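Reading the structure
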Amino acid sequence: MKNIVILGSTGSIGRSALEVIARFPERFRVVGLTAGRNVPLLLEQIRRFTPEVAAVADEVSLRAVQEALGSGKGPELRCGVEGISSAAAAEHAHVVISAIVGAAGLMPTLAAIRAGKTIALANKETLVMAGPIALAEAQRCGALLFPTDSEHSAIFQCLRGYRKEEIKRILLTASGGPFIGKTAKELETVSAEDALRHPNWSMGRKITIDSATLMNKGLEVIEARYLFDLPPAMIEVLIHPQSIIHSMVEFTDNSCIAQLSKPDMKGPIAYALSYPERLDAVLEPLAWETLAGLTFMRPDTAAFPCLALAYDALHAGGTMPAVLNAANEAAVAAFLEGAVGFNKIPAIIRKIMDGHTVQPADDLAVVLDADRRAREEARKLIARG
Ligand code: NAD
Ligand code: MG
């Protein structure tokens, strides 16, 4: 029996994880659930999965949960970053699914790392902001970061049984999002509603906008750099609109291995939970005869500059990826509120990156400070219009 904590259980990844867990009660038990502010759904999940501990983002949500559950038997309740982080380090937990969105996932994920857990890592922002710190802490504390983003899960599956010297490059596939083929001019007038209509994946709002700008792929390039310890030059991105090939590895002899399935996050989540085994029929089978049209193209970095910005941040190193991430979060939030247009997202990030002096990122306080200042600068820039 594996004991599981889910950070961000009310989100898209969290809900998919609970679907997997519910199907295999003889294998998995939920010992901890944490959420931001979605109290009604968290309450439902608590009643169904009876965790030992539950945590929410703030005191208002905590009181709402306490009132609804009454004084009877229930999970130990906590709140705030400390409360969520302590749930991430819960004594009985074997696997922690890191699925909080954005920088809010960093501290709880680090808490799980420091507690030596196996972490099913969906929150890519942790490695983008603090890759070297997270890896060093994982090594020091005996924690394992298990790739759970679909692309990274695919690469991990392709690399089973291979040595690093055999890799020529890895190819991360990207759907291209809802605006594939559009020019920069056409992108000037797209709305948040348009951007939220992803053709293949149903995900949280922030990552759906990141998919539309291609920043999601940029963050994934940085994530791959740390998960697989490869230089940026060995990590490439290929647009593949059907989202059937989730990524591939090209070997030195130019032979390739790809991982294919229907686009459904239950696949990578289940693999992270059950590795090295595979669970029965987690995914619907592929209908091979309908797959005649798998297509690929190079990303258009003129219309979608975010991918290039992420490579730039990776090359600059140090605190720059954290600054990229913070400016992106601020810009995406403003776009979702209708305060800025779609093309302003990369423009804001570029401006904030240009104004940042890179510092080494081996100290968490320095990274958090760079994150905070980049957000502040981005907000000021947005307010100035
Ligand atoms: P989501 O918005 O659907 O869910 C986010 C979860 O985090 C919710 O449970 C929410 O309550 C919680 N949360 C938000 N702010 C919080 C805060 N300040 N403190 C504590 N909890 C907070 O997001 P998602 O689509 O499930 O994505 C989660 C993470 O997984 C992201 O980092 C995303 O990049 C990554 N990811 C998602 C997918 C996907 O298919 N959705 C695929 C790969 C990777
Ligand atoms: Mg992905």
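Note: the structure precedes this text.
Attention here is on the structure that accompanies the text. (Residues numbered from 1 in each chain as written. Chains lettered and ligands numbered in written order. Predicted model: local features only at pLDDT ≥ 70, side-chain atom pairs only at ≥ 80, totals over all residues. Heavy atoms only, no water.)

Quick word on unusual backbone geometry
- Tyr275 connects to Pro276 through a cis peptide bond whose omega is 5°.
- Along the chain, the position of Pro276 falls in the loop between helix H12 (266-274) and helix H13 (306-316).
- Positive phi outside glycine occurs at Ser243, with the angle close to 50°.
- Residue position: Ser243 is located in the loop between strand E9 (235-239) and strand E10 (245-251).
- Accessibility expressed as a relative area gives 6% for Ser243, which makes it buried. (Helix = DSSP H or I, 4+ residues; strand = E, 2+ residues; numbered from the N terminus. Buried < 20%, exposed > 50% of the residue type's maximum accessible area, 1.4 Å probe, protein only.)

Remarks on the sheet that holds strand E3 (residues 53-56)
- In space, the seven strands of this open sheet follow the order E4-E3-E2-E1-E5-E6-E7, with parallel pairing throughout. Across the chains shown, the open sheet's two edge strands, defined by having one partner strand only, are strand E4 (76-79) and strand E7 (144-147). Averaged over all pairs of adjacent strands, the angle between strand axes in this sheet comes to 25°, irrespective of strand direction.
- One ladder, built from four bridges, connects E3 with E4; its direction is parallel. Within E4, the residue paired with Ala54 across the bridge is Leu77.
- Seen against the sheet, helix H4 (residues 80-88) touches strand E1 (2-7), strand E2 (28-34), E3, E4 and strand E5 (95-98) and runs at an angle of roughly 135° to E4. (Pairing = 2+ DSSP bridges. Axes fitted to C-alpha atoms, helices over the stretch in contact; angles between N-to-C directions. Contact = heavy atoms within 4.5 Å.)

Some remarks on the pairing of E9
- The element E9 is extensively covered by neighbouring structure, given that four of its five residues are classed as buried.
- In this structure, strand E8 (residues 167-174) lies alongside E9, joined through five bridges in parallel fashion. In the sheet register, Ala174 faces E9, and the bridge partner there is Ile239.

Observations regarding the coordination of the magnesium ion (ligand 2)
- Here the magnesium ion (ligand 2) is held by the protein donor atoms Asp149 (OD), Glu151 (OE) and Glu220 (OE), which lie 2.1 to 2.2 Å from it.
- Mapped onto the sequence, the residues coordinating the magnesium ion (ligand 2) show the spacing D-x1-E-x68-E. Of the two residues, Glu151 is situated in helix H7 (residues 150-158) and Glu220 in helix H11 (residues 215-227); the sequence distance between them amounts to 69 residues.
- Owing to a relative accessible area of 1%, Glu220 belongs among the buried residues under this scheme. (Donors = N, O, S within 2.8 Å, 3.2 Å for Na, K, Ca; no water.)

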